[in-house]
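Each chain, written out:
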Amino acid sequence: MRGRGEKKTNFQMLFSNNRGAYVSLWFLLFISGVSLIGAFFIDTSQLMRVDLTRITEPPSAQYWLGTDHGGRDVFNQLVLGTRHSLAVAFLVTILSGVIGGVFGLLSGYMGGRIDYVMMRIIDFFQTLPFIMIVIVFVALVPTYNVLSFSIVMTVFLWMPIARVVRAQVLKEKEMMYIQASKTLGTPAFKIMTKQLLPNVMSVWIVSMTLNLALNMGLESGLSFLGFGFPPDAPSLGTLLSYAQSPSNLEYYWWLWLPAALLIFFIILSIRQLGEMIHLHFNEKKGGE
Amino acid sequence: MWRLFIRRFVYLIPQLFFLSMIVFWLARFMPGDALTGWIDPNLDSEMIETQRIRLGLNNPWYVQYFDWLNRLVTEGDLGQSFQYQVAVTQLIRSRLFNSLYLGTVTLILTYIIAIPLGVWSGRFQKTWIERWIVRYTNLGLAMPLYILGLLMLFLFGFKLGWFPTSGSVDVNLEVGSLAYYASRIHHLFLPALSIALISSVSLIHYLRSEVIRTKQQPFIQTARVKGVKQSAIYHRHVLKPSLIPIASFFGLELTRLISGTIFIETIYSYPGMGSLFIESIMQRDFTVVVAIVLLFGLTTIIGSFLSDLLLYKLDPRIQVR
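Residues numbered from 1 in each chain as written. Chains lettered and ligands numbered in written order. Predicted model: local features only at pLDDT ≥ 70, side-chain atom pairs only at ≥ 80, totals over all residues. Heavy atoms only, no water.

Chain B carries the name Peptide/nickel transport system permease protein in an unreviewed UniProt entry, which gives Pelagirhabdus alkalitolerans as its organism. Under Sequence similarities (unreviewed entry), UniProt gives the following word-for-word description of chain B: "Belongs to the binding-protein-dependent transport system permease family." The record in UniProt for chain B states the following under Subcellular location (unreviewed entry): "Cell membrane". (UniProt positions renumbered as here; feature names shortened; annotations may be inferred.)

As annotated in an unreviewed UniProt entry, chain A is Peptide/nickel transport system permease protein from Pelagirhabdus alkalitolerans. A UniProt comment under Sequence similarities (unreviewed entry) is attached to chain A, and it reads "Belongs to the binding-protein-dependent transport system permease family." According to the UniProt record, the Subcellular location (unreviewed entry) comment for chain A reads "Cell membrane".

This next bit is on the overall build of chain B. Tallying secondary structure elements over chain B gives 12 helices and 0 strands in all. For chain B, the succession of helices and strands along the chain, N to C, is α-α-α-α-α-α-α-α-α-α-α-α. Residues classed as buried in chain B amount to 44% of the 321 residues present. Contacts spanning at least 24 positions in sequence make up 72% of the contacts within chain B whose residues lie at least 6 apart. In the structure as shown, chain B presents an accessible area of about 17000 Å², 65% of it carried by carbon and sulfur atoms. (Helix = DSSP H or I, 4+ residues; strand = E, 2+ residues; numbered from the N terminus. Buried < 20%, exposed > 50% of the residue type's maximum accessible area, 1.4 Å probe, protein only. Contact = heavy atoms within 4.5 Å. Areas by Shrake-Rupley, 256 points an atom, 1.4 Å probe, with all protein chains shown as cover.)

Take the side chain of B:Ser275 next. Its place among the elements puts B:Ser275 in helix 11 (residues 273-282). In contact with B:Ser275, not counting residues within four places along its chain, are B:Arg95, B:Glu265, B:Thr266 and B:Tyr270.

Attention now moves to unusual backbone geometry. Residue and element names in this part refer to chain B. For Lys126, which is not glycine, the phi torsion reads 60° and is therefore positive. With relative accessibility at 72%, the residue Lys126 sits in the exposed group. Even without glycine at this site, Ser269 takes up a positive phi of about 45°. Of note, Ser269 is situated in the loop between helix 10 (250-267) and helix 11.

Let us now look at the confidence of the model for chain A. With 83% of its residues at a pLDDT of 70 or more, chain A shows a mean pLDDT of 80. Scored below 50 in pLDDT, residues 1-5 of chain A shows 3 contacts in the model against residues more than four places distant or in partner chains. (pLDDT = per-residue confidence, 0-100.)

Here we take up the UniProt feature "transmembrane region" (unreviewed entry) in chain B. Residues and elements named next belong to chain B. Mapped onto this numbering, the UniProt entry gives "transmembrane region" (unreviewed entry) at residues 9-27, 100-120, 141-165, 185-207, 243-268 and 288-312. With 100% helix and 0% strand, residues 100-120 has its two end C-alpha atoms placed 30 Å apart. For the annotated span residues 185-207, helix accounts for 100% and strand for 0% of the residues, and the straight-line distance between the end C-alpha atoms is 28 Å.

So, on to the interface of chain B and chain A. Listed as interface residues are 43 residues of chain B and, on the opposing side, 36 residues of chain A. Interface of chain B and chain A: buried area, both sides summed, is about 3600 Å²; carbon and sulfur atoms make up 81% of it. At the junction of chain B and chain A, the tally comes to 0 salt bridges. Counting every contact that joins chain B to chain A gives 2 residue pairs in polar contact (both at pLDDT 80 or more). Secondary structure elements with two or more residues in the side of chain B that touches chain A: helix 1 (2-29), helix 5 (128-142), helix 6 (145-159), helix 10, helix 11 and helix 12 (286-314) of chain B. When residues in the side of chain B that touches chain A are grouped by element, the largest group, 9 residues, is from helix 12 of chain B. (Buried area = accessible area lost by both parts, 1.4 Å probe. Salt bridge = Lys/Arg side-chain N within 4 Å of Asp/Glu carboxyl O. Polar contact = N/O pair within 3.5 Å; in protein donor to acceptor, adjacent residues only side chain to side chain.)

We now examine the pattern of salt bridges. One pass over the full model with this rule turns up 6 salt bridges over all chains. Notably, a salt bridge pairs A:Arg166 with A:Asp115, separated by 2.7 Å at the nearest N-O pair. Here A:Arg166, found in helix 8 (residues 159-173), pairs with A:Asp115, found in helix 5 (residues 112-127); they are 51 residues apart in sequence, far enough to count as distant. Residues B:Glu279 and B:Arg95 are paired through a salt bridge, measuring 3.0 Å at the closest nitrogen-oxygen approach. Within this pair, whereas B:Glu279 is found in helix 11, its partner B:Arg95 is found in helix 4 (residues 88-123), the two being separated by 184 residues in sequence. Under the relative-accessibility criterion, B:Glu279 is labelled partly exposed at 31%.

Okay, structure coming up:
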C-alpha cells in the first residue's frame, strides 16, 4: 500500500518471507473461484448425458481435457467435482472443528477423572480401523447422501483437533489470569468462552487447516474406491476412480491424471497455508 | 514396568470389548445371516424357522452377542463366507500371508529410506541436503497414498514396463524355486515402495529433530574434541540413541500400513487382505467383511499396546498413562 509509506500492511507482512504460502493462497482462491463460478455455467443434466458419438476423445480445443466413456466432457466434470470435494471438505472441517474444539476445551478445563475418561474415548476412536468402518457404512446404508457421508467422516476425524485444543487449554489453565478469574468466582462457562477460547484460537485454527487437508484426501480416496460420493454428484475422487480400470490408467490418462494432480496441489496448498498461519501465530506469541 | 503393564492391560479389555461390540453390531445390520446361501428356496418356512431357533438366530441380541463371542474365542469360528461356502478363516489365510509379505517389505523399505535421510537432514543442517530432504517431506505429507500409487503404477508399471501391474506372483512358476521368490519380490516392490515413500516421512521428521537435539549434547562435543571422525560420531553416538525409540513407532506404522493396504492392494490388484476386504464388500460377502474389520481392529489395538510398552521400556522419561 503506497499511502502508508514504508510500513507494510498486515497482509504483506504475513507473506513477506513465505513465497510458497503466497502462491498457495492465490492458487486456492483461483481454484475455488473457477469451481464456484464455473459451476453456474455448467448444466449438470447436460453434462451427465451420454453421447456415444464422441467417446474417449483425447484433449482438444473443444474438450479441454477430452471426454470419458459416455462422451461427457472431463473438464466440466473436473470443475463440478472440485466444487463438491471442496464443499464436503469444508463441511467436515467445520463439524469436526466444533466438536473437537468443545470436547478439547471441556476435557482440558475440567481435568481430573473427567479428562481421563474423555481422553480414553479419544484413544479408542483413534485405534478403530476407521476407513473400513466408513466403507462398511456406505455399503450398508442405501440412501446415504452428501450430508450423512460428511457426518460419518466427522465421527472419525474430530479427535486430533480435540487433542491439540486440550493440550493448549492445559497450558493456558496454569496462567495467572485464569487462576485469578477462578478465585474471583467467574463461572466456568464464562472462563471457557471468554478467556480460554480466544487463547486457544490459534492452535485450533491451525489444527483445522490440517484437518481440511486430511479430509480432502480421505474423501477423494473413499470416492476413488467407490465408497464416497453418491454417483450423481461427481467429486474429484469419482474422476480418479476411472483409474481403477487398467486400460483407463494406461491409455486414457486425461480421465484421471488431472484430478489426481489437482487433489495433490489443493492439499499441498492448504498445508502450506496452515504452516504459514502456524508460523504467524508463533511469531506473534514470541513478539509479545 | 509391571504396574504399567497391568494398567495398560486393564485398559486393553474395554477397548477389545467395544471393538467386538461395534463389529457385532455391524454384522447385525448387514443383510443376511448364518443361513444365507444355505437355504434352498423350496424348503418350507417351518423348517427354516426350526433351524433359526437351533442356531439361536431368534434370541435377543445380547444372547447372540455372547454366543458369537464364545464361538469366536473358543473355536476361532468366524462363520462361513456367503460367497464361497468355505470357512472365513480358511479364505483369509492365504490373503493374510500375502499382506504380511507386503507389510514386511514395506517396513524394510521405510527404514531404508527414513534412517539415512533423517540422519542427513539433521547432520547437514542449513545446507542444500537438508533443503531437499525437507522439500521431499513436505511433498510426502501432502501426497495421498492412492495418488502416489496410481502415478507409480502408471509410470513404472505401464509406461516404462519395469514392474508387473497386477497379482502377487507369475503363474507358471514352480513354488519354492528361486525364480518364484524373485517374481514375488518383483511384484511386491512397487506397491511396497509406494507406501514406504509416504510412511517414511514422519520417521524422517522424528529422526531429524532427534539428531539435532543429540548433536548439541556435551558427550558429542567431547567426542569431537577427542578427534573422533565425523562419520563415526554420527554412526556410533548420534544414530544409536535416536534409533531405539524408532522401534516403538512400529505400532503406529502398523495402523498406517493397514489402511494403506486397502488402497494399495486395490490399485495394484494384489491379492491381500485389503483387496479381499473391498472385494467382499462389493460381493456383499459380509461375514468376511466382519472378520477382516475385527482382525484389523485387533491388530491396531495390540500394536498400540505393544508400542506403548516398548516406548516406556526404552525411554523411561516418557510418561505413559
